[in-house]
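# Observations on chain architecture
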Amino acid sequence: MTTPAITLYGTPLSGHVHRVEAFLNILGLPFRYVDANAELQKSDGFLALNPLGQIPVLVDGELALADSTAILVYLASRYDGSGLWSPKAPEEAAQVQRWLSIASAELRFGPARARFLTLWGGTTSYADAHALAERILRFMDGHLANRDWLAAERPTIADLACYAYVARAPEGGVPLDPYPAVRRWLERVEAIPRCTPMPRSPAPEPA
């Protein structure tokens, strides 16, 4: 059996990793998954791939690439012949970039951080993360009230980048009940052919 040319280093409960894994599956690209636990992330071999010691890391032949949004852009440019997932038309391209930035900022420091603090603890203020989560979810719900997708008239890498931490926001004590448009959007993302839902944490959701 031929070993896939693509290797993805990650952990199952990382939303950053899920973005990449879901897109690989959607594109139908075979890949090898390496569970990069905390110990492996500190190893010399892993640090040679990403000196920052962060996941995900994608290895494609001779290329080693870190940062989940950068990996999404690479995979779309390299393997999506249709050009639909990362559009080149100026307005759509700008909208995709806007939501990639939101995924890396408001979603990371809002619902993603609230989830991290709930599941694994930390010293950052949970109240600040929770407040930012509610703010960005209100914004997303308004944005999605009269549209199906975040950046275009079809799904793009922007939707994949934003999906995971929104889907599992309740694991950080951030309920989704107040955001019906967001919940409908999550269902549409999960209905994309071959899209794999973000795994749930085995820990019970906060009451």
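Everything discussed here concerns the structure shown above.
One structure accompanies this document, and this report is about it. This one's a predicted model, so the numbers in the text were calculated from it and none came from an experiment.

### Re the sheet that holds strand β1 (residues 6-10)
- On the basis of which strands lie adjacent, the open sheet formed by four strands has the order β2-β1-β3-β4 and mixed pairing. Edge positions in the sheet fall to β2 (31-35) and β4 (63-66), since each of these pairs with one other strand and no more. Within this sheet the neighbouring strands show an average axis-to-axis angle of 20°, counted without direction.
- Across the face of the sheet, helix α1 (residues 15-27) comes into contact with β1, β2 and β3 (57-60) while running at roughly 155° to β1.
- The sheet strands contacting helix α4 (residues 68-79) are β1, β3 and β4, and the helix crosses β4 at an angle near 135°.

### Some remarks on the side chain of His18
- Within the secondary structure, His18 is located in helix α1.
- The class of His18 is buried, set by a relative accessible area of 3%.
- A distance of 2.5 Å separates the side chain of His18 from the backbone oxygen of Thr196, its partner in a polar contact.

### Comments concerning the pairing of β4
- Pairing of β3 with β4 involves four bridges; the strand directions are antiparallel. Residue pairing in the sheet places Leu58 in a bridge with Leu65 of β4.
- Connecting β3 to the antiparallel partner β4 that follows it, the hairpin turn spans two residues, and Gly61 within it adopts a positive phi of roughly 65°.

### Some thoughts on the layout of surface pockets
- There is about 880 Å³ of room inside the largest pocket.
- Forming the walls of the largest pocket are 24 residues, and the residues nearest its centre are Ser14, His16, Ile55, Arg108 and Tyr165.
- Those elements that place two or more of their residues in the lining of the largest pocket are α1 and α6 (106-120).
- Here the lining of the largest pocket takes seven residues from α6, the largest share from any one element.

About the cut-offs
- Residues numbered from 1 in each chain as written.
- Predicted model: local features only at pLDDT ≥ 70, side-chain atom pairs only at ≥ 80, totals over all residues.
- Heavy atoms only, no water.
- Pairing = 2+ DSSP bridges.
- Helix = DSSP H or I, 4+ residues; strand = E, 2+ residues; numbered from the N terminus.
- Axes fitted to C-alpha atoms, helices over the stretch in contact; angles between N-to-C directions.
- Contact = heavy atoms within 4.5 Å.
- Buried < 20%, exposed > 50% of the residue type's maximum accessible area, 1.4 Å probe, protein only.
- Polar contact = N/O pair within 3.5 Å; in protein donor to acceptor, adjacent residues only side chain to side chain.
- 1 Å grid on protein atoms, 1.4 Å probe; cavity = no way out; pocket = protein on both sides within 12 Å on 5 of 7 lines; lining within 4 Å.
- Points joined across faces, edges and corners; volume = space filled by probe spheres on them.

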